[in-house]
Amino acid sequence: MDPAPLPGQPVRVLVAKPGLDGHDRGAKVVALALVRAGCEVIYTGLHKSIEQIVAAAADEDVDVVGISILSGAHVHLTRALLERLRAEGLDGVRVLVGGNIPHADRARLLELGAAAVFPTGANLDEISRFVVDLPPRARRCNA
Amino acid sequence: MAADKSELRRVVLESGIEVAPVYGPADVAPVDPARDLGEPGEFPFTRGIHKLMYRARPWTMRQYAGFGSPAETNGRFRFLIENGQDALNVAFDLPTQMGLDSDDPRAEGEVGRVGMAIDTLRDMEVAFAGIPLDRVSVSLTINAVTPAILAMYVAVAERQGISRARIRGTTQNDILKEFIGRGAWIFPVEPSIRLIGDTIEFCAREMPNYYPTSVCGYHIRESGATPVQEIAYAFAIARAYVGEGLSRGLAVDEFAGRISFNFDVFGNLWEQVAKFRAARRLWARLMRDEFAAQKPETLKMKMIAGGGGGGLTIEEPENNIVRGTVYALISALSGTQTMALCCYDEAYTIPSENASLISLRTMQILAEEMGLCDTVDPLGGSYYVEWLTTELEQRIVAEMRRVDEDWGGIVNAVREGHVQQAVARQAYEVERKIQSGETVKVGVNKYRRAASSAGEVKLHEHCPQAMEEQRRRLAEVKSTRDAAEVRAALAEVREACAQKKNVMPAMIRAVKAYATLGEIVAVMKDVLGEYREPVRL
């Protein structure tokens, strides 16, 4: 239903902090890196519920939602976000997970449906490249 | 043979100060020893706040601990005390920090995860069972909900037969830094500062041995700030709290000496040592010249230093034991009163018992094997250290002036998000320098091994059963308390907030009635509102 983004149109990214964790250094650093890579970035601020994040993703018509979690609650929150996006018909939105993610949980997040996991210390250029290189139509193909 | 000076690589510290290869008498000519250094224990306290420093008594060792249920946390407290730790530093879980009960849907997945869960006074009674609160000094890492948690602490102490006047300890209670880094805020900026004023006033009048506020440059630096920004913003914040105390009709010497500081140690060794020496001198001058403080206690900058989480690495975690050792050395050379170290596994997980013990042992070895307690301020008089101390002091003063002149003071700067933006941009620059290799992190961007050693750390097991027990205890407390008294006490909290009266008496009544933290905070939000975060990238 949505009009297809024109080739070369910037990727729109929602950087979000779900849950109660207040550590946003990584989220802001990644947001600044994406801005410099030419993305349009919206940062939600702290303490957002999954419902608020999905509503913002819909309102802002984003291609990507990046969530950052450092409290250890990443599996619970990622699952909840993906379920809610599907329920709202936003399956085409890619979900990236960042933060303090132990090795053992990374495969699990990908299995749940995250497009990529970028744990603490991930290379900023790699993150930007991954986002910028997402195939343009794949971004909103759910419509 | 010897390289020409022009061929040497440039050395520029994080604070932007360029370092020469050699320093000598000419570099310290502007430093007047009587005016700028003084004797240890005397104005301006550059050399330390006590005459004999560690020769009389080593620094206090206070590792951060707390996880899961109050009973589990009580076990870790006893373990640390049995192994020679003389003070506690309590971690609370995120729902507690945000004023949500363990049975709140928003707390799902977070109960007991990064600290202990506190719902009612019953939990505090369990957590501190068998720990005498007049002898063990307890630091409570709590901010937005400090009035309620402090009230519970008072109630537990009184039940142990300890009068308010004898209670020792500290609440972190620095909300302005929560808006800059760490993020555990609830209420808008102005009422949040008023609540800090309430605790400062209450302690000044009733709990003279308590430190109601520990102003944290620590989290500001952990969020990306330079050492200069760390001290400058912390001092700007502390000034705001001093102003709040004065507005209650207290004299500066009645309360400002009970404001302490929490600072970070990582990065360049010399820059950190000079930072602390400069900070002590500047704080003493500021309190004397701006607030006309007279009592030495008010002029002395007391601190907990250490931590250093921002300097530790996920890669090759054992290297963090070495880094932690040097952070402890820096803290001791800087004349800290209290020390806490991040543990080597802390980039991954809640520290294991073994990792906590290694941090405690690090401090004990430095204090008792290495001669760090023998002589006061052993680096005092060093050409380099004294020159650098003066450089840092000047830059801190300049950054504080920027806060006032460009941003309209710290309260406005936080409300509008200027400090947050400056710190986030600095964090981005730091990350870029690490990723480009300009800032060396051994094992991360230099000498990195092909096979990653990541994942070798044993992760703290989050225990869902303990959480069920937590919720059961909450339900039991709710069903056995006097509901009418709870309602009346909560109405008093509401009234105190609405009338801008000191909330502490109403808080103490409410917690003694076993009102839950969530109930108390809901009433406060209703009256005070909630903070709306200014988002500036």
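### Structural notes on the overall build of chain A
- Regarding its fold elements, chain A presents five helices and five strands.
- Along chain A, helices and strands appear, N-terminal first, in the series β-α-β-α-β-α-β-α-β-α.
- A burial count over chain A gives 50% of its 143 residues as buried.
- Pairs at least 24 residues apart make up 72% of the contacts formed inside chain A by residues separated by at least 6 positions.

### A word on the overall build of chain B
- Counting its regular elements, chain B contains 22 helices and ten strands.
- A compact globule built from 537 residues would reach a C-alpha radius of gyration of about 24 Å, and chain B, at 23 Å, matches this within 12%.
- Its C-alpha atoms give chain B principal-axis dimensions of about 85 × 60 × 50 Å.
- The buried share among the 537 residues of chain B stands at 53%.

### Structural notes on the interface of chain A and chain B
- Contacts between chain A and chain B engage 26 residues on the former and 28 residues on the latter.
- Breaking the side of chain A that touches chain B down by element, the ones donating at least two residues are α1 (25-36) and β2 (40-43) of chain A.
- Its residues assigned to classes, the side of chain A that touches chain B comprises eleven nonpolar, eleven polar and four charged.

### Some details on helix α19 (residues 464-480) of chain B
Residues and elements named next belong to chain B.
- An ideal rise of 1.5 Å per residue puts 24 Å on 17 residues; α19 measures up with 25 Å between its terminal C-alpha atoms.
- Buried residues of α19: Met-467, Gln-470, Arg-473 and Leu-474, and no others. Around the axis of α19, the buried residues are gathered within 115° of arc, so they sit on the same side. In this structure, α19 carries Pro-464, Gln-465, Arg-472, Glu-476, Ser-479 and Thr-480 as exposed residues pointing more than 90 degrees from its buried face.
- Considering only its buried residues, α19 is in contact with α5 (121-127).

### A word on the sheet that holds strand β5 (residues 169-171) of chain B
Residues and elements named next belong to chain B.
- Pairing within the open sheet is parallel, and its five strands lie in the order β2-β3-β4-β5-β6. Two strands in the sheet have a free side with no partner beyond their single neighbour: β2 (64-65) and β6 (210-211).
- Sheet analysis places strand β4 (residues 137-140) next to β5, joined by three bridges and oriented parallel. The residue bridging Ser-139 from the neighbouring strand is Thr-170, located in β5.

### Some remarks on the packing of helix α20 (residues 483-498) of chain B against helix α22 (residues 517-528) of chain B
Residues and elements named next belong to chain B.
- Contact geometry for α20 and α22: axes closest at 9 Å, N-to-C directions at 30°. Accordingly, the angle class assigned to the pair α20 and α22 is roughly parallel. As for the relative orientation of α20 and α22, their crossing is right-handed in sense. From α20, Leu-490, Val-493, Arg-494, Cys-497 and Ala-498 reach across to α22, where they touch Glu-519, Ile-520, Val-523, Met-524, Val-527 and Leu-528.

### Quick look at the packing of helix α6 (residues 146-159) of chain B against helix α8 (residues 189-206) of chain B
Residues and elements named next belong to chain B.
- It is at 10 Å that the axes of α6 and α8 come closest, and there the two elements cross at 25°. Put simply, α6 runs roughly parallel to α8. Listed contacts from α8 to Thr-146, Pro-147 and Leu-150 of α6 are Leu-195, Asp-198 and Thr-199.
- Here the contact of α6 with α8 is composed, by residue class, of three nonpolar, two polar and one charged.

### A few points about unusual backbone geometry
All names here are of chain B.
- Cis geometry is found at the peptide bond from Phe-43 to Pro-44, where omega equals 0°.
- The residue Pro-44 is located in the loop between α1 (33-37) and α2 (53-56) in this model.
- Not every positive phi belongs to a glycine, and Arg-182 is a case in point at roughly 85°.
- As for its position among the elements, Arg-182 is in the loop between α7 (175-180) and α8.
- For Arg-182, a count of 25 C-beta atoms within 10 Å gives the class buried.
- You will see that Ala-292, though not glycine, has its phi angle at about 55°, which is positive.

### Section: the environment of Gly-98 of chain A
Residue and element names in this part refer to chain A.
- Counting through the fold element by element, Gly-98 comes out in strand β4 (residues 94-99).
- Given 23 C-beta atoms within a 10 Å radius, Gly-98 is considered buried.
- Placed 28 residues apart in sequence, Gly-98 and Leu-70 show a C-alpha to C-alpha distance of 8.4 Å.
- Excluding its chain neighbours within four sequence positions, the residues that come into contact with Gly-98 are Gly-26, Val-30, Gly-66, Ser-68, Phe-118, Pro-119 and Ala-122.

### A few points about the sheet that holds strand β8 (residues 259-264) of chain B
Residue and element names in this part refer to chain B.
- Here five strands make up an open sheet; going across it, the order is β1-β10-β9-β8-β7 and the pairing parallel. Both edges of this open sheet fall to β1 (60-61) and β7 (213-216), since each of them pairs with a single strand only.
- Strand direction decides the pairing type here: strand β9 (residues 303-307) and strand β10 (residues 338-341), joined by four bridges, are parallel. Among the inter-strand pairings, Gly-306 is bridged to a residue of β10, identified as Ala-340.
- In the packing of helix α10 (residues 227-247) onto the sheet, the strands contacted are β7 and β8, and the crossing angle to β7 comes to about 150°.
- Packed onto the sheet, helix α14 (residues 319-333) meets β9 and β10 and runs at close to 170° relative to β10.

### A short note on the pairing of β2 of chain A
All names here are of chain A.
- Of the two faces of β2, the one holding Val-41 and Tyr-43 is buried and the one holding Glu-40 and Ile-42 is not buried anywhere.
- Note: strand β1 (residues 12-16) against β2, four bridges, orientation parallel. What sits directly across from Val-13, in β2, is Val-41.

### A closer look at α1 of chain A
- The end-to-end C-alpha distance of α1 of chain A, which contains twelve residues, comes to 17 Å, matching closely the 16 Å that a straight helix rising 1.5 Å per residue would cover.
- Taken across its twelve residues, α1 of chain A has ten buried, putting it largely inside the fold.
- Those residues of α1 of chain A that sit buried are Arg-25, Gly-26, Ala-27, Lys-28, Val-29, Val-30, Ala-31, Leu-32, Ala-33 and Leu-34 of chain A.
- Next to the buried residues of α1 of chain A lie β1, β2, β3 (64-69), β4 and α5 (124-132) of chain A together with α18 (418-436) of chain B.
- Looking one or two places after α1 of chain A, you find Gly-38 of chain A, whose phi comes out positive at around 100°.

### What to know about the confidence of the model for chain A
- Across chain A, the average pLDDT comes to 89, with 89% of residues at or above 70.
- Scored below 50 in pLDDT, residues 1-5 of chain A shows seven contacts in the model against residues more than four places distant or in partner chains.

Here is what the cut-offs are and how they apply
Residues numbered from 1 in each chain as written. Chains lettered and ligands numbered in written order. Predicted model: local features only at pLDDT ≥ 70, side-chain atom pairs only at ≥ 80, totals over all residues. Helix = DSSP H or I, 4+ residues; strand = E, 2+ residues; numbered from the N terminus. Buried ≥ 20, exposed ≤ 12 C-beta atoms within 10 Å, placed from the backbone. Contact = placed C-beta atoms within 7 Å. Rg over C-alpha atoms; globule rule 2.2 N^0.38 Å. Nonpolar A, V, L, I, M, F, W, Y, C, P; charged D, E, K, R; others polar. Expected span 1.5 Å × (residues − 1). Arc of directions from axis to C-beta. Pairing = 2+ DSSP bridges. Axes fitted to C-alpha atoms, helices over the stretch in contact; angles between N-to-C directions. Parallel < 35°, antiparallel > 145°, perpendicular 65-115°, else oblique. Left-handed = near helix turned anticlockwise from the far one by under 90°. pLDDT = per-residue confidence, 0-100.

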